[in-house]
Amino acid sequence: MTPTIIVTLVVLWQLVLVGYTFTLAGNAADEAVRAGTAAERGSRQAACEQAGKDKLSDAWRSGATVDCPPSTGYVTADVRLRVPVLFPGTIAFPFEVKGHAGAVEEEDD
C-alpha cells in the first residue's frame, strides 16, 4: 500500500510542476510583450528578453528562450520553458512548454 501512495504523490507532484511551468510561461510571455510594446523597435528583442526572464527563478530561467519577432503594429512574444523532473534546477524533460502573448504597439503622440 505504501509504494502505491508514494508513486501517486510523485506523479501528482510532477503534474503540479508541469502546470506551474505552463503558468510561468504564460506570465513570462505577458511580461515580455508588455515590455516590448513600450520599447523602441531597435531594442525590442532585448527589452522583451529581459522582462520575460526577470520574474523566473533560476531553475526555469536557465533553459528559457524568449523571442519577440520584429513586426509593426502588433507585438508578439513567444516563451519556451523546460519542465523539470521532480526537482526544479535538476534534469528536465525533453519537451518544452510554450507561452504566447500579443499586444498592440504603443505609439508616442
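Residues numbered from 1 in each chain as written. Predicted model: local features only at pLDDT ≥ 70, side-chain atom pairs only at ≥ 80, totals over all residues. Heavy atoms only, no water.

## Quick word on the overall build of the chain
1) Next: Assigned secondary structure in the chain consists of three helices and three strands.
2) Next: When the helices and strands of the chain are read in sequence order from the N terminus, they spell out α-α-α-β-β-β.
3) Next: For the chain, whose C-alpha radius of gyration is 17 Å, the value lies well above the compact-globule estimate of 13 Å for 109 residues.
4) Next: For the chain, the C-alpha atoms occupy an extent of roughly 70 × 20 × 20 Å along the three principal directions.
5) Next: Expressed as a percentage of its 109 residues, the buried residues of the chain come to 31%.
6) Next: Look at the contacts in the chain between residues 6 or more apart in sequence, and 56% of them connect residues 24 or more apart.
7) Next: In the structure as shown, the chain presents an accessible area of about 6800 Å², 61% of it carried by carbon and sulfur atoms. (Helix = DSSP H or I, 4+ residues; strand = E, 2+ residues; numbered from the N terminus. Rg over C-alpha atoms; globule rule 2.2 N^0.38 Å. Buried < 20%, exposed > 50% of the residue type's maximum accessible area, 1.4 Å probe, protein only. Contact = heavy atoms within 4.5 Å. Areas by Shrake-Rupley, 256 points an atom, 1.4 Å probe, with all protein chains shown as cover.)

## Structural notes on empty space enclosed by the protein
1) Next: Tallied over the entire structure, the rule returns one cavity of 30 Å³ or more.
2) Next: Of the voids in this model, the largest cavity is the one considered here, and its volume is about 40 Å³.
3) Next: Around the largest cavity sit L24, N27, A28, E31, A51, G52, K55 and L56, which together line it.
4) Next: Of all the elements in the fold, those that place two or more residues in the lining of the largest cavity are α1 (2–38) and α2 (44–54).
5) Next: Per-element tally for the lining of the largest cavity: the top contributor is α1, with four residues. (1 Å grid on protein atoms, 1.4 Å probe; cavity = no way out; pocket = protein on both sides within 12 Å on 5 of 7 lines; lining within 4 Å. Points joined across faces, edges and corners; volume = space filled by probe spheres on them.)

## Some remarks on the pattern of salt bridges
1) Next: As enumerated under the stated definition, the model contains four salt bridges in all.
2) Next: When the shortest N-O distance is used, the salt bridge between R34 and E31 registers 3.2 Å. A residue pair is termed a helical-turn pair when its members lie 3 or 4 positions apart in one helix, as R34 and E31 do in helix α1 at three residues.
3) Next: On the accessibility criterion, R34 (51% relative accessible area) is exposed.
4) Next: Where K53 meets E49, a salt bridge forms, and the shortest distance between an N and an O atom there is 3.4 Å. Here K53 and its partner E49 are both found in helix α2, four residues apart, which amounts to about one turn of the helix. (Salt bridge = Lys/Arg side-chain N within 4 Å of Asp/Glu carboxyl O.)

## Concerning the nonpolar core
1) Next: Membership of the largest hydrophobic core comes to 20 residues, with the highest contact counts inside it found for L56, W60, V79 and L81.
2) Next: Looking at this core, the elements that each hand over two or more residues are α1, β2 (74–84) and β3 (92–104).
3) Next: Per-element accounting of this core gives the leading share, seven residues, to α1. (Core = buried A, V, L, I, M, F, W, Y, C linked by side-chain atoms within 4.5 Å.)

Everything listed here is a matter of geometry and, on its own, says nothing about what the molecule does.
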